[in-house]
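Now for the letters of each chain:
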Amino acid sequence: MSTVIFTLRRDPVSDRAAIVLPLVRRTRDPHEGLWALPGGWLGASESLDAAASRTLAETTGIAPSYLEQLYAFGAVDRSPSRVVSIVYWALVRPDEIPDHGLMDGGVENVTWFEAAQLPLLAFDHNEIVDYALWRLRNKVGYSRIAHGLLADEFTLAELREVYESILGRRLDPANFRRQVEGSGNLIPTDRFRTGSHRPARLYRYNQDVELADSGPLVVRH
């Protein structure tokens with residue numbers, strides 16, 4: 001099992017926010033020395049969701065705000081021996097990342113990379129990340145999936161920044177405001193973010209709306 005973990009990180013120099021993910025450097029063959037997605041083996045008595053959460057915690061110490069099964073990757077030539085990987089993808093709010101140096105590369109063999117500028121990864125993991133990014137970009141258009149990268153309360157500018165980071169393009173602020181305020185997903189609060197600019201109203205998501213459509217199947221843990 002492997003997991004693609006997305007979060008938002010701001011470049012301290014350019015002040016640009018980008019989607020990033022952690023990768024683990026492999027310490028043995030095959031592909032020793034290459035970066036790979038965090039993962040591990042499925043226990044005989046574990047459900048898929050439980051195994052994904054466990055391997056994520058063991059390799060990165062992260063408990064994501066959103067975790068969903070992505071796809072099964074099983075090409076014949078993806079590994080020297082026949083291996084089928086059940087891949088999950090996760091969203092983590094920046095404040096949910098454990099305060100033990102993970103974001104700065106302080107955890108052994110784990111480093112964060114910008115999702116749009118990855119090196120050559122082990123196995124078919126570049127393909128997996130590309131597919132996870134495609135899923136994220138599609139879901140942001142019809143669900144409140146962006147909430148998985150935001151604090152409980154946020155400004156419209158912060159929400160727009162998440163959308164822009166996911167989609168990889170700038171959005172018109174006025175059009176964005178009209179669309180999200182008319183969606184019924186957001187609830188304005190009576191609180192404001194203050195700073196160097198004029199106060200900005202804080203919003204929260206309507207909890208009656210699901211984070212994402214999970215489909216007709218009942219998830220068994």
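Going by the structure above, here's the rest.
Residues numbered from 1 in each chain as written. Predicted model: local features only at pLDDT ≥ 70, side-chain atom pairs only at ≥ 80, totals over all residues. Heavy atoms only, no water.

Draft legend 1. Structural view of the overall build of the chain. Across its full length, the chain carries four helices and eight strands. Counting from the amino terminus, the chain carries its helices and strands in the arrangement β-β-β-α-β-β-β-α-α-α-β-β. Taken over C-alpha atoms, the radius of gyration comes to 18 Å for the chain, in line with the 17 Å a tight globule of 221 residues would show. With the C-alpha coordinates aligned to their principal axes, the bounding extent of the chain is approximately 55 × 45 × 30 Å. Looking at the chain residue by residue over its 221 residues, the buried ones come to 40%. Considering only contacts in the chain between residues 6 or more positions apart, those separated by 24 or more positions represent 62%. Roughly 12,400 Å² of accessible area belongs to the chain as shown, and the carbon and sulfur atoms make up 50% of that amount. Here the chain carries 25 positive and 29 negative side-chain charges, and the mean point of each set is 4 Å from the other. (Helix = DSSP H or I, 4+ residues; strand = E, 2+ residues; numbered from the N terminus. Rg over C-alpha atoms; globule rule 2.2 N^0.38 Å. Buried < 20%, exposed > 50% of the residue type's maximum accessible area, 1.4 Å probe, protein only. Contact = heavy atoms within 4.5 Å. Areas by Shrake-Rupley, 256 points an atom, 1.4 Å probe, with all protein chains shown as cover. Lys, Arg positive; Asp, Glu negative; His and termini not counted. Charge placed at Lys NZ, Arg CZ, Asp CG, Glu CD.)

Draft legend 2. How the structure looks around unusual backbone geometry. Cis peptide bonds are those with omega within 30 degrees of zero, and the linkage from D29 to P30 qualifies with 0 degrees. Here P30 is to be found in the loop between β2 (17–25) and β3 (35–36). Located in the positive-phi region is D15, a residue other than glycine, with phi close to 65 degrees. As for its position among the elements, D15 is in the loop between β1 (2–10) and β2. The backbone phi angle of H31 is positive, close to 65 degrees, even though this residue is not glycine. Of the residues examined, H31 reaches a relative accessible area of 33% and is grouped as partly exposed.

Draft legend 3. Spatial organisation of the packing of helix α3 (residues 156–167) against helix α4 (residues 173–181). Two numbers describe how α3 lies on α4: the axes approach to 11 Å, and their chain directions differ by 100 degrees. The orientation of α3 with respect to α4, classified from their angle, is roughly perpendicular. Side by side, α3 and α4 meet where L156, L159, R160 and Y163 of the first sit next to P173, F176, R177, V180 and E181 of the second. Class assignment for the residues of the contact of α3 with α4 results in six nonpolar, no polar and three charged. (Axes fitted to C-alpha atoms, helices over the stretch in contact; angles between N-to-C directions. Parallel < 35°, antiparallel > 145°, perpendicular 65-115°, else oblique. Nonpolar A, V, L, I, M, F, W, Y, C, P; charged D, E, K, R; others polar.)

Draft legend 4. Spatial organisation of the environment of A90. Note that A90 resides in strand β5 (residues 85–91). Look at A90 and you get buried, because its relative accessible area is 0%. Sequence separation between A90 and Q207 is 117 residues, and the spatial gap between their C-alpha atoms is 19 Å.

Draft legend 5. Structural view of the environment of A157. By secondary structure assignment, the location of A157 is in helix α3. Separated by 132 residues in sequence, A157 and R25 place their C-alpha atoms 36 Å apart.

Draft legend 6. Focus on the nonpolar core. Counting residues in hydrophobic clusters, the biggest one holds 41 residues, and the most contacted among them are V4, F6, W89 and L159. At the level of elements, β1, β2, β4 (66–73), β5, α2 (125–139), α3, α4 and β8 (200–205) are the ones that each hand at least two residues to this core. When near neighbours in sequence (up to four residues on either side) are disregarded, V4 contacts L21, L37, V87, Y88, W89, A90, I128 and A132. Counting eight residues, the second largest nonpolar core, distinct from the first, contains L56, V92, I97 and W112. (Core = buried A, V, L, I, M, F, W, Y, C linked by side-chain atoms within 4.5 Å.)

Draft legend 7. Just the pairing of β8, in detail. Strand direction decides the pairing type here: strand β7 (residues 186–193) and β8, joined by five bridges, are antiparallel. Pairing of L186 across the sheet is with Y205, part of β8. What sits between the antiparallel neighbours β7 and β8 is a turn of six residues. (Pairing = 2+ DSSP bridges.)

Draft legend 8. Highlighting the side chain of E68. Tracing the backbone shows E68 in strand β4. Separated by 2.7 Å, the side chains of E68 and Y66 make a polar contact. Other than its neighbours up to four places away in sequence, E68 contacts Y88, W89, R135 and K139. (Polar contact = N/O pair within 3.5 Å; in protein donor to acceptor, adjacent residues only side chain to side chain.)

Bear in mind that shape data such as this cannot, by itself, settle questions of function.
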